[in-house]
Amino acid sequence: MSDTLERLMNCVELGKISKTSLFPPSLKGQDGADELCKLALDQGINPQVILNQALIPGMSKIGEKFSQGKAFVPEMLISAKAMTAAMKHLKPFFATGEIKRNGVFVLGTVMGDLHDIGKNIVAMTIEGSGWEVIDLGVDVKAEKFIEAIDKYPNCIVGLSALLTTTMVNMEIIVKEIKNKYPDKVILVGGAPLSQDFCNKIGASFYSPDPQGAVEFLKKFAA
Ligand code: B1M
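Quick summary incoming for the structure in this document. (Residues numbered from 1 in each chain as written. Predicted model: local features only at pLDDT ≥ 70, side-chain atom pairs only at ≥ 80, totals over all residues. Heavy atoms only, no water.)

Regarding helix α3 (residues 47-67)
With 21 residues, α3 extends 28 Å between its outermost C-alpha atoms, agreeing within 8% with the 30 Å of an ideal straight helix rising 1.5 Å per residue. The largest bend in α3 is about 30°, located at Ile56, with the proline Pro57 one to four residues further on. Those residues of α3 lying buried are Pro47, Ile50, Leu51, Ala54, Leu55, Ile56, Gly58, Met59, Ser60, Ile62 and Gly63. Its side-chain oxygen placed 2.7 Å from the backbone nitrogen of Gln48, Asn46 serves as the N-cap of α3. Residue Gly69 follows α3 closely and has a positive phi angle near 75°. (Helix = DSSP H or I, 4+ residues; strand = E, 2+ residues; numbered from the N terminus. Expected span 1.5 Å × (residues − 1). Bend = angle between axes of the 7 residues up to and from the residue. Buried < 20%, exposed > 50% of the residue type's maximum accessible area, 1.4 Å probe, protein only. Polar contact = N/O pair within 3.5 Å; in protein donor to acceptor, adjacent residues only side chain to side chain.)

Description of the packing of helix α1 (residues 3-14) against helix α2 (residues 33-42)
At a minimum axis separation of 9 Å, α1 and α2 run at an interaxial angle of 155°. One finds that α1 runs roughly antiparallel with respect to α2. In the packing of α1 onto α2, the handedness of the crossing is left-handed. From α1, Thr4, Leu5, Arg7, Leu8 and Cys11 reach across to α2, where they touch Ala33, Leu36, Cys37, Leu39 and Ala40. Looking at side-chain class alone, the contact of α1 with α2 contains eight nonpolar, one polar and one charged residues. (Axes fitted to C-alpha atoms, helices over the stretch in contact; angles between N-to-C directions. Parallel < 35°, antiparallel > 145°, perpendicular 65-115°, else oblique. Left-handed = near helix turned anticlockwise from the far one by under 90°. Contact = heavy atoms within 4.5 Å. Nonpolar A, V, L, I, M, F, W, Y, C, P; charged D, E, K, R; others polar.)

Regarding the pattern of salt bridges
Counted according to the given criterion, the structure contains 11 salt bridges. In this structure, the salt-bridge partner of Glu13 is Lys65, at a minimum N-O distance of 2.9 Å. Here Glu13, found in helix α1, pairs with Lys65, found in helix α3; they are 52 residues apart in sequence, far enough to count as distant. Its relative accessible area of 12% is what places Glu13 among the buried residues. Among the ionic pairs, Asp42 bridges to Lys38, the shortest N-O distance being 3.2 Å. Highlighted residues: Asp42 and Lys38, both in helix α2, separated by four residues, approximately one helical turn. Look at Asp42 and you get exposed, because its relative accessible area is 57%. Using a relative accessible area of 44% as the deciding quantity, one classes Lys38 as partly exposed. (Salt bridge = Lys/Arg side-chain N within 4 Å of Asp/Glu carboxyl O.)

What to know about the packing of α1 against α3
In contact at an axis separation of 8 Å, α1 and α3 are set at 35° when each is read in the N-to-C sense. The way α1 lies across α3 gives a crossing that is right-handed. Residues Leu5, Leu8, Met9, Val12 and Glu13 of α1 lie in contact with α3, whose contacting residues are Val49, Ile50, Gln53, Ala54, Leu55, Pro57, Gly58, Met59, Lys61, Ile62 and Lys65.

These values are about where atoms sit, not about what they do.
Here it is, written out as structure tokens:
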């Protein structure tokens, strides 16, 4: 792997956003994900290669550490920001179709629930793993999910809930989606959920963390 890609991967894993970022102190004054992604493009490295060999592995590494209890939410957030800083340079290539997407992932926090920090991390991690993410935001009603599915019939749907009170709404949303689209694959997550709850409401898969969601989605990649 080129030196630039290796440094870029480390910046995503360690959360080094740009040259001016003070975190992590060990990389103070050095180029961050922002500069290195631009440099990689200037060096003629294919955007798909940048995504697959630097950005996705960087996010995977921090995601794995998080799953193993070796990294925590602030580290995930800062890695996600570094990834976003790099992704902005690749966005134009996604738009022109130069980068192949794995598919469309429609995501939202369920109605009544305003928590979006975890959902945003899931969105960025999944986007970073090569999916087009349609983020419907927070407090999303069943109709809005269904409208998005109408528009992207082959999409996979993701629902997030952080409150025991809104888990009930998740069940309603799953039922309404399944009424119209019985075979729709629906992934659920959020701190109060469990595998039992996922089974009970008829969702397809439960992941306690973004990395699990990424692994699950690999089965459906185009
Ligand atoms: Co609220 N809140 N909150 N809150 N809040 C909790 C969730 C709570 C546990 C705090 C507590 O009492 N200890 C509690 C819920 C209790 C319960 O129902 N079990 C609670 C409550 C009660 C409330 C209010 C009702 C408080 C009130 O007003 N009386 C209110 C509800 C508002 C509403 O939603 N209608 C409320 C409001 C808020 C704020 C607005 C102040 C703020 C949200 C800001 C925002 O999101 N923009 C807030 C916050 C920040 C929290 C805590 C402190 C942190 C949540 C968080 O962001 N965690 C939280 C307590 C806590 O968790 N310590 C709490 C970090 C985030 C990275 O983790 O969201 O779990 P998480 O996401 C993880 C995984 O769950 C998973 O991956 C993510 C990344 O690892 N994941 C998925 C999430 N979605 C996924 C989807 C997937 C797959 C994985 O696939 C689709």
